[in-house]
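Now for the letters of each chain:
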Amino acid sequence: MRLPDGLVAVVKRECPTCVLVEPVLRELGAEVWCQDDAGWFDHDDTELELSYRLGIETVPTLIRVEDGEETARVVGWSREQWEDLTKVECLGADLPEHRPGCGSLSVDPFRIDALEARFGGSGLGSHRVELADLEDEHEAIFDRGWTDGLPVVPPTPERVLRMLRGTTRAPDEVVAVVPPDLVECTVEKVAVNAVMAGCLPEHLPVVLAALEAACTEEFALHGLLATTYFSGPMIVVNGPVARRIGMNSGVNALGQGNRANATIGRALQLVVRNVGGGRPGQIDRATLGNPGKLTFCFAEREEGSPFAPLAADRGVPGNAVTLFAGSGVQPVVDQLSRTPESLARSFAACLRVNGHPKLPLSFDAVLVVSPEHGRVFREAGWDRARLVAELEALLLLDADELLRGAGGITEGVPEALAGRQLPKFRSGGLLVVHAGGDAGLFSAVVGGWVSGPTGSSPVTREVRA
């Protein structure tokens, strides 16, 4: 927008200082643009385009223009500064020497995203879909297959720009190649889906880290999608970021009611659906699935835990996410054990049925230890390594009890394994997490998918700003 040579001013009528200097502006014959009253002066800036393009932060702002370029500006009212800029003496002789201005409407936090989207050359590269005037935006998104079955937040340019402010990473940076269609996914594309999921900007770095983890070879997201098994990505968050963004690690940590937990997990699933093409009934072939495939994300309760943070034990201290191919939640009830030995035996008995009690070395698992159960281990001085070691010893199973046909159950291991002892879990296949409310002697087992190289392995990644 090219300005005419001379004096240009930007004002708003609700600003007392702008009202104060009105006679001076009229005396100077300045070209005055008003932000909030199109009839006050000759030039209407109620759309705020001029203010945005000129970077007006305070009104009144007086600008001198020469050869189409700004050469000087004054903010607020100062007789000395205005006289210096205009080269006119005795301006506003009956006015105070100076008065501060007011905030420009163009820097109003509620307007800035819309202004950037309209006038700022936002640089967003995503395809824009124009809806008809009478088309319901929510139904249009359903019709285009962009949702997970629940309504989503329409990803307008303003909302996407606001979401991108949650990270320092460039919008066009490729975060991952997303299965099953192996599509390059940029930070901007993640932001679009994070908007739809209902995330806040401060959630975006966690979503980005989760996507990076999900798209690693060892997590095997393509296989996880294509399997007829129940599993989907489960996200465990560690570090100060969880508290900063308000994640739930306590009461109902694995359930509903927390925005960060719900939307971060949902955003990952929407990226897989909308960018990678992983849609139920197409590539996603789960026989039954599980409710966690809508969203499954929680923070580890690090305060009062008998264990070091999960991510730290996996070599990534601080802010981090751990992804696990979770198949659903199995309750563990033990309201009587008061020694770690007894409680470990309860846990082992429940873990033995993971997937099937006659199938060893088949499925990983996450044991979610509640605070009341965790206190038993903390008071006894058991850390995560001690508990896992005890569980592994208790879950060394006699193959003869697992053979096909044993116990009248056809499922089981081949006859060739008779006489051996077989571990229920592969090395590293049992994770232990601390979460939940203070009351309740209940823990949980989250089963996994096929473990190891033939399936999915847990993956931990740092959360970067």
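Computed from a predicted structure; not experimentally measured.

> Could you give an account of the pairing of strand β5 (residues 61-66), with specific residues and numbers?
Bridge count for strand β1 (residues 6-11) against β5 is 5 bridges, and the pairing is antiparallel. Opposite Ala9, over in β5, you have Leu62 as the bridge partner. Hairpin connection, β5 to strand β6 (residues 69-75): the antiparallel pair is bridged by 2 residues, and Asp67 has positive phi, about 55°.

> Give a description of the nonpolar core that names residues and reports values.
Counting 61 residues, the largest nonpolar core has Leu211, Ile235, Val237, Met247, Ile264 and Leu323 as its most contacted members. Among the elements that line this core, the one with the most residues is helix α9 (residues 204-214), at 9 residues. Membership of the second largest hydrophobic core comes to 32 residues, among which are Val8, Cys18, Leu25 and Leu54.

> Give me the sheet that holds strand β20 (residues 442-450): which residues, what numbers.
Sheet architecture is open: 4 strands sit in the order β15-β20-β16-β19, paired in mixed fashion. The strands lining the two open edges of the sheet, one partner per strand, are β15 (329-333) and β19 (430-434). Neighbour-to-neighbour, the strand axes of this sheet turn through a mean angle of 25°, independent of strand direction. Relative to the sheet, helix α16 (residues 384-394) contacts β16 (363-369) and β19, its axis offset from that of β19 by approximately 135°.

> Before we move on, could you go through the environment of His434 and cite the residues and values that matter?
Along the chain, His434 falls in strand β19. Taking the relative accessible area as the measure of exposure, His434 reaches 1% and is therefore buried. On a C-alpha basis, the gap between His434 and Gln35 in space is 54 Å, while along the polypeptide they are 399 residues apart. When sequence neighbours within four positions are dropped, the list of residues in contact with His434 reads Glu300, Arg301, Glu303, Gly304, Ser305, Pro306, Phe307, Val369, Ser370 and Pro371.

> I'd like a rundown of the pattern of salt bridges, residues and numbers included.
Counted under the stated rule, the structure contains 31 salt bridges. Arg352 serves as the salt-bridge partner of Glu401, at 3.4 Å between the closest nitrogen and oxygen. Residue Glu401 is found in the loop between β17 (396-398) and β18 (421-423), and its partner Arg352 is found in helix α14 (residues 340-352); the two are separated by 49 residues along the sequence. Overall, the relative accessible area of 44% leaves Glu401 in the partly exposed class. Here Arg352 falls in the partly exposed class, since its relative accessible area comes to 27%. Between Arg375 and Glu372 there is a salt bridge whose closest N-O contact spans 3.6 Å. Of this pair, Arg375 and Glu372 are both found in helix α15 (residues 371-380), 3 residues apart, which corresponds to roughly one turn of the helix. Here the salt bridges share partners, and the residues they tie into one network are Asp113, Glu116, Arg162 and Arg165.

> Can you tell me about the sheet that holds strand β12 (residues 232-238), naming the residues and giving the values?
Taken in spatial order, the 4 strands make up an open sheet running β13-β12-β14-β21, and their pairing is mixed. At either margin of the open sheet sits one strand with a lone partner, and together these are β13 (297-299) and β21 (459-462). On average, adjacent strands in this sheet sit at an angle of 25° to one another, irrespective of strand direction. Two strands pair when backbone bridges link them, and β12 and strand β14 (residues 320-326) are joined in this way by 7 bridges, in the antiparallel orientation.

> Hey, could you go over the environment of Gly277 for me, with residue numbers and the actual values?
By secondary structure assignment, the location of Gly277 is in the loop between α12 (259-274) and β13. Taking the C-alpha atoms as reference points, Gly277 and Phe230, separated by 47 residues in sequence, lie 19 Å from one another. Look past the residues within four positions of Gly277 in its chain and what remains in contact with it is Pro180, Asp181, Val272 and Ile283.

> Lay out the environment of Ser104 with the relevant residues and their values.
Tracing the backbone shows Ser104 in the loop between β9 (102-103) and α5 (112-119). Residue class for Ser104 comes out buried when judged on its relative accessible area of 4%. For the pair formed by Ser104 and Arg301, sequence separation is 197 residues and the distance between their alpha carbons is 44 Å. Excluding its chain neighbours within four sequence positions, the residues that come into contact with Ser104 are Gln35, Ser51, Ile56, Glu57, Thr58 and Val59. A distance of 3.2 Å separates the side chain of Ser104 from the backbone oxygen of Ile56, its partner in a polar contact.

Reading the values: the criteria
- Residues numbered from 1 in each chain as written.
- Predicted model: local features only at pLDDT ≥ 70, side-chain atom pairs only at ≥ 80, totals over all residues.
- Heavy atoms only, no water.
- Pairing = 2+ DSSP bridges.
- Helix = DSSP H or I, 4+ residues; strand = E, 2+ residues; numbered from the N terminus.
- Core = buried A, V, L, I, M, F, W, Y, C linked by side-chain atoms within 4.5 Å.
- Buried < 20%, exposed > 50% of the residue type's maximum accessible area, 1.4 Å probe, protein only.
- Axes fitted to C-alpha atoms, helices over the stretch in contact; angles between N-to-C directions.
- Contact = heavy atoms within 4.5 Å.
- Salt bridge = Lys/Arg side-chain N within 4 Å of Asp/Glu carboxyl O.
- Polar contact = N/O pair within 3.5 Å; in protein donor to acceptor, adjacent residues only side chain to side chain.

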